[in-house]
Amino acid sequence: MIDLRSDTLTTPTDSMRAAMAKAEVGDDVYGEDPTTRVLEERVAGLFGHEAALFTPTGSLANVLAVRSLVSVGQEVLCEASAHIARAELGAHGAITGLTMRTWTHHRGQVDLGAIDAMFAPDMGPFFVPTAAVSVENTHNFAGGAVLPLADLQALRAWATPTGTKIHLDGARIWNAHVATGTPLSAYGDIADVLAVCLSKGLGAPVGSLMVGSRDAIAEARIWRKRLGGGMRQTGILAAAGLHALDHHVERLADDHAHAKLLAEACGLDPATVDTNIVVVPRTDAGDFVAAAGEAGVRISAVGPRAVRLVTHLDVSREDAEQAASILAKI
Ligand SMILES: *Cc1c(COP(=O)(O)O)cnc(C)c1O
């Protein structure tokens, strides 16, 4: 079986497992896990921010990050198919007590005109005030689309004078970085706070980080514990993340090349595929998924009219070529 359902399906490589087995550990709730501290400092530094916090999931990193910018009764603006709006089971409303309004873009891009039109300043007891804008790079449900740095910089230039904060959901920021050559620090510069994942294309079994100011991270540490996310000897997991940063970032270019190959086999223009996710319009999504599965390729339907293919660490060049020829036949 060639499994193209998600880049979360990767299993740790032998050398990653070896790094995990050797990790120096302590109790991270006491702030005494040395490997986790190294990971947090390294990731904060990559994005040019003061501090970072290791979390079990990207969803928790997003909840903590958005919470650091938006209070009860305030709103965050985001794209309509953003992960924070669709795929976190309402956590931001349920836990933080914020509301969301959305703009819609089929490629998940920043629409500054729509954002500016929606923006609501604090007018006292009349309207929900806008506290933050959230952007997702790469954009998962828009097929791994990259948000161009110039658009993010324009958003930053708009946000600062209005007092609006920016959250970047960078679950796959590594893919955007490798696909465009944009330094991670440039993405860090446009955001007040970020969430990044180690468990997607980077191939770690578990782990994400919130990245931000020292104060925001100190408060998030309290909220992480409050929500049940204070873990103990996390160095075992952090070691996998450090190993992934050393060995699995540049190779994302292979995943991107494999995704283009699959896109072409499915009759799409490979130039429309920015990174490692391919969304194929199919009116017969369910049947297509079933036929692919019978032929040895696992893919998933995203709704009744589209299927999604995701390339990752555990899909070799030969796997991608074989999957491409199987999918082309179907
Ligand atoms: C995967 C993902 C997350 C976090 O997901 P978890 O499964 O909670 O780790 C957040 N944002 C985006 C865009 C994602 O794709």
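Residues numbered from 1 in each chain as written. Predicted model: local features only at pLDDT ≥ 70, side-chain atom pairs only at ≥ 80, totals over all residues. Heavy atoms only, no water.

Here's the deal with the pattern of salt bridges
In step 1: The full count for this structure, using the stated rule, is 13 salt bridges.
In step 2: In this structure, Arg-172 engages Asp-7 in a salt bridge whose closest nitrogen and oxygen atoms are separated by 2.8 Å. Note that Arg-172 is positioned in the loop between strand 6 (165-170) and helix 8 (173-180) and Asp-7 in the loop between strand 1 (2-3) and helix 1 (14-22), a separation of 165 residues in sequence.
In step 3: By relative accessible area, Asp-7 is classed as buried at 0%.
In step 4: Put simply, Asp-274 and Arg-107 hold a salt bridge, and the shortest N to O gap is 3.0 Å. In this pair, Asp-274 is assigned in the loop between helix 12 (252-265) and strand 9 (277-281) and Arg-107 in the loop between strand 4 (99-103) and helix 6 (112-118), connecting sequence segments 167 residues apart.
In step 5: We classify Asp-274 as partly exposed; its relative accessible area is 23%.
In step 6: Take Arg-107: its relative accessible area is 25%, and that puts it in the partly exposed class. (Salt bridge = Lys/Arg side-chain N within 4 Å of Asp/Glu carboxyl O. Helix = DSSP H or I, 4+ residues; strand = E, 2+ residues; numbered from the N terminus. Buried < 20%, exposed > 50% of the residue type's maximum accessible area, 1.4 Å probe, protein only.)

A short note on the site of the ligand
In step 1: Neighbouring residues of the ligand: Thr-57, Gly-58, Ser-59, Asn-62, His-83, Glu-88, Glu-136, Asn-140, Asp-169, Ala-171, Arg-172 and Lys-200.
In step 2: A distance of 3.0 Å is found between an oxygen atom of the ligand and a side-chain nitrogen or oxygen belonging to Asn-140.
In step 3: The protein chains hide 83% of the 380 Å² of surface that the ligand would expose on its own.
In step 4: The greatest single-element share of the shell around the ligand, amounting to three residues, is contributed by helix 3 (residues 58-67).
In step 5: The class makeup of the residues in the shell around the ligand is one nonpolar, six polar and five charged. (Near = heavy atom within 4 Å. Polar contact = N/O pair within 3.5 Å; in protein donor to acceptor, adjacent residues only side chain to side chain. Areas by Shrake-Rupley, 256 points an atom, 1.4 Å probe, with all protein chains shown as cover. Nonpolar A, V, L, I, M, F, W, Y, C, P; charged D, E, K, R; others polar.)

Quick look at the domain arrangement of the chain
In step 1: Domain parsing of the chain yields domain 1 (14-247) and domain 2 (251-329).
In step 2: The interface of domain 1 with domain 2 comprises 16 residues on the first partner and 12 residues on the second.
In step 3: Summed over both partners, the interface of domain 1 with domain 2 comes to about 1,200 Å²; 55% of that surface belongs to carbon and sulfur atoms.
In step 4: Our enumeration of links across domain 1 and domain 2 arrives at one salt bridge.
In step 5: Where domain 1 touches domain 2, the interface holds six residue pairs in polar contact (both at pLDDT 80 or more).
In step 6: Looking at the side of domain 1 that touches domain 2 residue by residue, the class counts come to six nonpolar, eight polar and two charged. (Domains from an automatic or database assignment. Contact = heavy atoms within 4.5 Å. Buried area = accessible area lost by both parts, 1.4 Å probe.)

Re a nonpolar patch on the surface
In step 1: Side chains of Met-123, Phe-126 and Phe-127 sit close together on the surface and give an oily, nonpolar patch of about 390 Å² of accessible area.
In step 2: Within the secondary structure, Phe-127 is located in the loop between helix 6 and strand 5 (130-136).
In step 3: Note on Phe-127: relative accessible area 52%, which makes it exposed. (Patch = residues over 30% accessible without salt bridge, like charges linked within 9 Å, V, L, I, M, F, W, Y side chains within 5 Å.)

Some remarks on the layout of surface pockets
In step 1: Of the pockets and cavities examined, the largest pocket occupies roughly 300 Å³.
In step 2: What lines the largest pocket is a set of 17 residues, among which His-106, Arg-107, Ala-142, Gly-143 and Val-279 lie closest to the centre.
In step 3: Per-class residue counts for the lining of the largest pocket are nine nonpolar, six polar and two charged.
In step 4: Looking at which domains feed residues into the lining of the largest pocket, each of domain 1 (14-247) and domain 2 (251-329) supplies at least three.
In step 5: Estimates place the volume of the second largest pocket at around 230 Å³.
In step 6: Secondary-structure elements contributing two or more residues to the lining of the second largest pocket are helix 2 (34-46), strand 2 (51-55) and helix 10 (214-226).
In step 7: Per-class residue counts for the lining of the second largest pocket are five nonpolar, one polar and seven charged. (1 Å grid on protein atoms, 1.4 Å probe; cavity = no way out; pocket = protein on both sides within 12 Å on 5 of 7 lines; lining within 4 Å. Points joined across faces, edges and corners; volume = space filled by probe spheres on them.)

Remarks on the environment of Val-146
In step 1: Mapped onto the elements of the fold, Val-146 is located in the loop between strand 5 and helix 7 (149-162).
In step 2: Given a relative accessible area of 11%, Val-146 falls into the buried group.
In step 3: Residues Val-146 and Ala-218 lie 72 residues apart in sequence; the distance between their C-alpha atoms is 31 Å.
In step 4: Excluding residues that lie within four positions of it along the chain, Val-146 makes contacts with Gln-109, Asn-137, Thr-138, Ala-176, Ala-179, Thr-180, Tyr-187, Asp-274 and Thr-275.

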